[in-house]
Every structure is written in structure tokens, then in C-alpha cells.
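# Per-entry structural report
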Amino acid sequence: MIHNKYNKEVTGAEALILALLDEGVKDVFGYPGGAIMPVYDALYDYTDKLNHYLVRHEQGATHAAQGYSRVSGKPGVVFATSGPGATNLITGIADAQIDSTPLVCITGQVSSQFLGTDAFQETDVVGISMPVTKWNIQVTNASEIAPAIAKAFYIATTGRPGPVLVDITKDAQFGKTVYNYEKCHSIRSYFPYPKINTESVKQAAALINDAKRPFILCGHGVLLSNAQNQLLALAEKGNIPVASTLLGLSAFPAQHELYVGYLGMHGNYGPNLLTNECDVLIAIGMRFDDRVTGNVNKYAKQAKVIHFEIDPSEINKIIPAEVPVLGDAKEALELLLPLIKTKNRKEWLDRFVECHEIELEKVINNAIEPTTEKIRMSEVIDKFYKQSKGKAIVVTDVGQHQMITTRYYKFNDTNTNVTSGGLGTMGFGLPASIGAKIAKPEKQVVAVIGDGGFQMTIQELGTIMQSNIAVKIIVLNNNFLGMVRQWQQLFFDRRYSFTEMKNPDFIAIAKGYGIKGKKVSEREDLNESIKEMLDSNEAYILEVVVENEENVFPMITTGAGVSEIILE
């Protein structure tokens, strides 16, 4: 045990470890190397306080940290060495940046006297990461480490969250400094929480109260600001239907009578179609991504738009707002709620019911109870949802299985949907599930992954094996890069150019990592196999051989508006 850490002379490397402990960090994901070796040497004395998870690739560290952050609400912390170690972080950092996930990435760097000389494993990681971080810094002196870490945590977690990077030269890690730590509470010229204009809130309330067909679109910002209760209260008080973006899933209970489904290219029929029929569109903590809007020239032209948003750069960026409300969603909704009048909007709500009935008949019923010979992805997810009772944390990779999962798994609990949204990173699912399980070991964590994405980070099975992490993995194997194949089928005359995959024996690979597994190809074996997976106290891989050419519908095609959504 280390005592009297304050006003004590330590190395820069030890100062880093102490600073992380002072920020309440308990878990770190990383991979050692030459330029960060002093940090790992210092960590050796603190393994009773700081859990380090040895990933098999630095990209895996960032995705694991993302999964950890998304379910815990705390920033994920990553260690990597210089050069290729640092550049291997970039994909995960970019993913975190576009999905507003707080990460603190710490990279080692060559000694300061070698900077700019093309020394062994030197790259300008500050320059490389600048476009995909909220903030970054290079530290060349041991005394600068603790203040840089304090600033990093403050910036990563306040306002619109995001990834930060602290690059520490090797001589700074070896150097001596007197350790003192002061948490950062403000930075000149950085105002993470804009002061809300109460006049804008009053204007928003007036529009909502006068509306006959108001419609709430909830995004990831609702979860980030912990505004779920306020959103629920607003919907119930005003009798307003609520739809969710991909990253907003789990911000509003999926089985609530006012929840009408999710938005986007493969979202539900009603919320997409009726976006172009509402008279007031209330966007909360979402940025009008192109996957939500479709053709912006055909998007909600009839509606007056109210946009609740913390990031001023998102206001009027894509969809003009009649009333922008700049500020934290929770704070803004608390100001709005007393001004909202209760109204009976049954006729408007019935329109969503009608659309749902159409989607049930044309898409959903056949998807979950198919007549096809082979198992369909949709029925796997439906059975998984029913057996897990909607209580699992579900981590998806990117592709058809992602869209199927978000359509057929009903997220009733907060922060139970973990996926890569804006960047769409294949390989996200497996390492992100590791981080999610470490953050919430008491919860059932299930990764749903396609055969393509699984092989992008399959080496992280080694992390599961070494650290004994009891994640469950469903591999939906159609021997295709399914989403690309679907587009090739529909828009490129079935010219399947390099999307068919010859896959390895996934269960044999799992066995090589000491992980239990089972392969299922017959429908009658599916329910029992899902139960066996969920009942396992250890990591488990369930490979399900599914229909090769299953397509995801509904679908909004490129260039189409949301009301031009097709059902088949």
C-alpha cells in the first residue's frame, strides 16, 4: 500500500497512476510497449487498486473503453504505446468522437529530445488525432502530467462528451515531480453547459401546446444528460408520441404506449412516414444524422422544428429550427415541463397504430415466425429477447444483424443498447461487450455480431479468456457481408462482388481460447440453445447459421425521403 501520496516526489509515470486513482478510475484497457513502459512499471505496484485488462489489439482497447463508458456513464481509460500502438487507437477514438462517448486515451511517446527526428516508433499522434478528439495534448515534463489528466477528464465528461488524448514523452514518465492533484472544474473559454434561454423554452411550450400532431424524436443526448425521466414526463403530460434514433434506444421504454418505434433507414414504418405529417417536430439530444433524415429536401417540410441541443454547432446544421433550445437536455426539459398542457391526441396517436398494423402484416410477423427453410436473423433476436425478458445489455456490431437487433429487441431499461452509430465500425461489438461486462458484471451482457465483423476483432477472445469475462456472443452467420450484399442485390443487379465469405470453424476457434460454444442450424434447436447460452456462468459463443440472403425491411433508399420508406 502507498501512503501519503500528496507532496511526495514520484516519477511522472507514478503521478499518472495516482491521478487516475484520484479521478476514481478503477479499470483500464491497454497494451504495453516501449514508449509507455515506465507507466506499466508504475502500474505494477497499484494492481490492487487499478484493474488493467490486456487487450489483443489497441483498437480493441478503445472499443472496450467505449462499451464500458456507455453502460457506466464514466469515461473509459486506454493505455497504448507510441507509433503503431497510438495509431491503432484512431478508429475507436473516431467512433467515440462521432457518438459522443467520453474516453481518456493515454499514449506513450519517444523522449522529447527525439521528437521530430523520425525516431523508432515515433508518430505525431497529436496531429493525427486532432480531427477525431475533443481535445488533445502532448506532455514533455513530469510536472505537467497531473494537471493534464485533470483537464482531460473534465473536458471528456462535460458538455457534449467525447474522447481526449494525452501523449506523454518517455522522459516525462521517468522524470521526477512532487505529486499534488487538483480536479479541474473550469477552463477559460470553455463553456460546456450553455445558459438556457428561458424565452426559447416558453416559445417551445407554446408551439407544443398549440400542436395537433406533435412528435418527439429522442437521441443519445437524452441518455448522456440522464434526462429519461423528464422525457417520459413530457410525453405523458402532453400525450405525445416518441420515436428514437439508433443511439437513443433505451432512453424511452420500448413497451410504453407512447413509444412508436425507431427512426432511420431500417427503422419502423410509422415514425419514418409520419415525420412528414407532424405539425411540430420536437428533437431532443439528436443531430439529424443522414440515416434519420433521408433526403433533407424532403424532410418534415410541413413541421415547425424545436431542437433541444447542447452543442451549438449542431443547431441549424442540417435541419433549420423554428425554436432552438441550446443547453443540457435534462435542465431544459425541467424548465419546459411546467408549461406543458395536457391534451387528448388520440386521433394522432391512432395514425401510428395504423402504421404499426401495416408493418406487422407486411414485415414483422413473417420476420419472427418465418416459413423459410433456414433460420432468419429476426427470429433469433425475437427468441433471444423473449428469453432474456428484455433485461440484457445488448452490444451489436455493424451490419444487417445490427439493424435486425435494434428492430426486434425491445429496450426497456436505460443504457442497455451499445452500438456503433455514426462511424459504423465493424469489429466494434466483441471488444465493446467486454467493456460493458466489466462495467456491469452483475448484468447479462450479450454481443450480437455478424460473421464479418466478428473476424475483425476475433483476437479479443484472448482478452475474454485471460480475464475470465463472462460475455455471451451470438454470431449470426450468413456467409456474407450481409448489408453490402443486400445493396448489391437491390441496386447492383445481384452482382455480389467480394461479399461472399468462406468462414472458419468459429466454435473450434472458441475452443482454442477455452470458451464454450455451440453451432445451431436447425430451427427446433434454437430455443434450447439460446437458453443454454444465457444460463452459462462463463463466456459462451452461440453460432447460428442463418438464411444467406435475408434482407432488412423497411428501408429508405439513397436519395429517398422518409415518407418514401418501402416495406418489401
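Per chain, residues are indexed from 1 in the order of the written sequence. For this predicted model, a pLDDT threshold of at least 70 governs which residues receive local features, and a threshold of 80 or more governs which side-chain atom pairs are given and counted, while totals over whole chains, interfaces and linings are taken from all residues. Water and hydrogen atoms play no part in the side-chain values, which are based on all heavy atoms of the structure.

### A closer look at the overall build of the protein chain
A helix here means a DSSP run of H or I that spans at least four residues, while a strand means a run of E at least two residues long, and both kinds are numbered starting from the N terminus. Along the backbone of the protein chain there are 23 helices and 20 strands. All radius of gyration figures rest on C-alpha atoms, and the globule criterion is 2.2 Å times the number of residues raised to 0.38. At 24 Å, the protein chain has a C-alpha radius of gyration in line with the 24 Å of a compact globule built from 568 residues. Each of the three principal axes of the protein chain carries a C-alpha extent, and together these read 70 × 60 × 40 Å. When burial is assessed residue by residue, the protein chain has 61% of its 568 residues classed as buried. For this analysis, residues touch if any pair of their heavy atoms sits within 4.5 Å. When contacts within the protein chain are restricted to residue pairs at least 6 apart in sequence, long-range pairs at least 24 apart make up 77% of them. The protein chains shown are the only cover counted for residues, whose accessible areas, like all others here, come from Shrake-Rupley with a 1.4 Å probe. Counting every atom, the protein chain has about 22,800 Å² of accessible surface; 50% of that belongs to carbon and sulfur. Here the positive residues are Lys and Arg and the negative ones are Asp and Glu; neither His nor the chain ends is included. Where a charge lies is defined by one atom per residue type, namely NZ (Lys), CZ (Arg), CG (Asp) and CD (Glu). For the protein chain, the centre of its 54 positive side-chain charges and the centre of its 64 negative side-chain charges are spaced 4 Å apart. Here the term buried applies to any residue with accessible area under 20% of the maximum for its type, exposed to any over 50%, and partly exposed to those in between, with areas from a 1.4 Å probe on protein chains only.

### Looking at the packing of helix α16 (residues 377–388) against helix α23 (residues 526–535)
As a rule, the C-alpha atoms of each element are fitted with a line to give its axis, helices using only the stretch in contact, and angles between N-to-C directions run from 0 to 180 degrees. α23 packs onto α16 with a crossing angle of 50° between their chain directions and a minimal axis gap of 10 Å. Taken as axis vectors, α16 and α23 run oblique relative to one another. Along this stretch, α16 crosses α23, giving a crossing that reads as right-handed. Here Val380, Lys383, Phe384, Gln387 and Ser388 of α16 lie close against α23, whose contacting residues are Leu526, Asn527, Ile530, Lys531 and Leu534. Oblique is the label for every angle not falling under 35 degrees (roughly parallel), over 145 degrees (roughly antiparallel), or within 65 to 115 degrees (roughly perpendicular). Throughout, a crossing is termed right-handed when the near helix is turned clockwise from the far one, and left-handed when it is turned anticlockwise from it by less than a right angle.

### Things to note about the packing of aromatic side chains
Side-chain rings of Phe, Tyr and Trp (the six-membered ring for Trp) are treated as a pair once their centres are within 6.5 Å; stacked means planes under 30 degrees apart, edge-to-face means over 60, and tilted covers the remaining angles. This model, assessed by the stated rule, comprises 15 aromatic pairs. For the pair Phe384 and Tyr409, a centre-to-centre distance of 5.0 Å together with 40° between the ring planes defines the contact as tilted. In this pair, Phe384 is assigned in helix α16 and Tyr409 in the loop between α17 (400–408) and β16 (417–418), connecting sequence segments 25 residues apart. Tyr409 gets classed as buried once you look at its relative accessible area, which sits at 2%. For a Lys NZ or an Arg CZ to count as sitting over a ring, it must be within 6 Å of the ring centre and within 35 degrees of the ring normal. Of note, Arg485 hangs over the ring of Phe480, and the distance from its end group to the ring centre comes to 5.8 Å.

### A short note on a negative patch on the surface
A surface patch of like charges, here negative, comprises Glu373, Glu522, Glu524 and Asp525. Locating Glu373 in the fold gives a position in the loop between α15 (346–368) and α16. Patches in this entry comprise residues that are over 30% relatively accessible and not in a salt bridge; like charges within 9 Å are linked, as are nonpolar side chains (Val, Leu, Ile, Met, Phe, Trp, Tyr) within 5 Å. Salt-bridge detection follows one rule: a side-chain nitrogen of Lys or Arg within 4 Å of a carboxyl oxygen of Asp or Glu.

### Describing unusual backbone geometry
Each neighbour pair has its own omega, and for Phe553 with Pro554 the value is 0°, a cis peptide bond. Tracing the sequence through the fold places Pro554 in the segment after β20 (540–545). Within the chain, Asp118 stands out as a residue other than glycine whose phi angle is a positive 60°. Position of Asp118 among the secondary structure elements: in the loop between β5 (103–109) and α6 (125–129). For Asp118, a relative accessible area of 71% gives the class exposed. The phi dihedral of Gln121 is positive, around 55°, even though this residue is not glycine. In this structure, Gln121 sits in the loop between β5 and α6.

### Considering the domain arrangement of the protein chain
For interface size, the figure often reported is the accessible area lost on association. Where each domain begins and ends follows an automated or database-derived domain assignment. You can read the domains of the protein chain as domain 1 (2–179), domain 2 (198–352) and domain 3 (373–545). Just the C-alpha atoms count here: the centres of domain 1 and domain 3 sit 30 Å apart. Taken together, the contact pairs 22 residues of domain 1 with 27 residues of domain 3. Roughly 1,900 Å² of surface becomes buried between domain 1 and domain 3 when both sides are summed, with 64% attributable to carbon and sulfur atoms. The three residues of domain 1 that bury the most area against domain 3 are Arg56, Arg70 and Val71, which together make up 34% of that side's buried surface. Here domain 1 is connected to domain 3 by 0 salt bridges. Polar contacts, as used here, are pairs of N or O atoms within 3.5 Å; protein pairs need one atom able to donate a hydrogen and one able to accept it. Residues neighboring in sequence count only if both atoms are side-chain atoms. Viewed at the interface, domain 3 and domain 1 are joined by 10 residue pairs in polar contact (both at pLDDT 80 or more). In terms of residue count, the dominant contributor to the side of domain 1 that touches domain 3 is helix α3 (residues 58–72) (10 residues). The residue classification treats Ala, Val, Leu, Ile, Met, Phe, Trp, Tyr, Cys and Pro as nonpolar and Asp, Glu, Lys and Arg as charged. All others, Gly included, are polar. Looking at the side of domain 1 that touches domain 3 residue by residue, the class counts come to 9 nonpolar, 8 polar and 5 charged. As a working definition, buried area equals the accessible area (1.4 Å probe) given up by two parts on being put together, with both sides summed.

### Things to note about the sheet that holds strand β3 (residues 51–54)
Pairing between two strands is assigned when DSSP locates at least 2 bridges connecting them. The 6 strands are arranged β3-β2-β4-β5-β7-β6 in an open sheet whose pairing can be described as parallel. Either end of the sheet is taken by a strand with one partner, and the two such strands are β3 and β6 (135–139). Averaged over all pairs of adjacent strands, the angle between strand axes in this sheet comes to 20°, irrespective of strand direction. Across 7 bridges, the pairing between β5 and strand β7 (residues 163–169) is parallel. Within β7, the position partnered with Ile106 by the bridge is Val166. Across the sheet, helix α1 (residues 12–22) touches β4 (76–80), β5 and β7, and the angle it forms with β4 is around 170°.

### A look at the nonpolar core
To form a nonpolar core, buried Ala, Val, Leu, Ile, Met, Phe, Trp, Tyr and Cys residues must be joined to one another through side-chain atoms within 4.5 Å. Among the nonpolar cores identified, the biggest contains 102 residues, and Leu281, Ile284, Ile306, Phe308 and Leu336 are the most heavily contacted of them. By residue number, the principal contributor to this core is α15, which donates 8 residues. Each of two domains, domain 2 (198–352) and domain 3 (373–545), supplies a minimum of three residues to this core. Setting aside chain neighbours within four positions, we find Ile284 in contact with Ile216, Leu217, Cys218, Gly219, Val222, Leu231, Leu234, Phe308, Ala329 and Leu333. In terms of nonpolar packing, the next biggest core, distinct from the first, is built from 48 residues, Phe29, Leu103, Phe428 and Ala510 among them.

### Focus: the packing of α3 against helix α5 (residues 90–98)
Put simply, α3 and α5 touch, their axes get as near as 7 Å, and they point 25° apart. Between α3 and α5, the interaxial angle falls into the category roughly parallel. Two secondary-structure elements touch here, α3 through Gln59, Thr62, His63 and Gln66 and α5 through Thr91, Gly92, Ile93, Asp95 and Ala96. Tallied by class, the residues present in the contact of α3 with α5 amount to 2 nonpolar, 6 polar and 1 charged.

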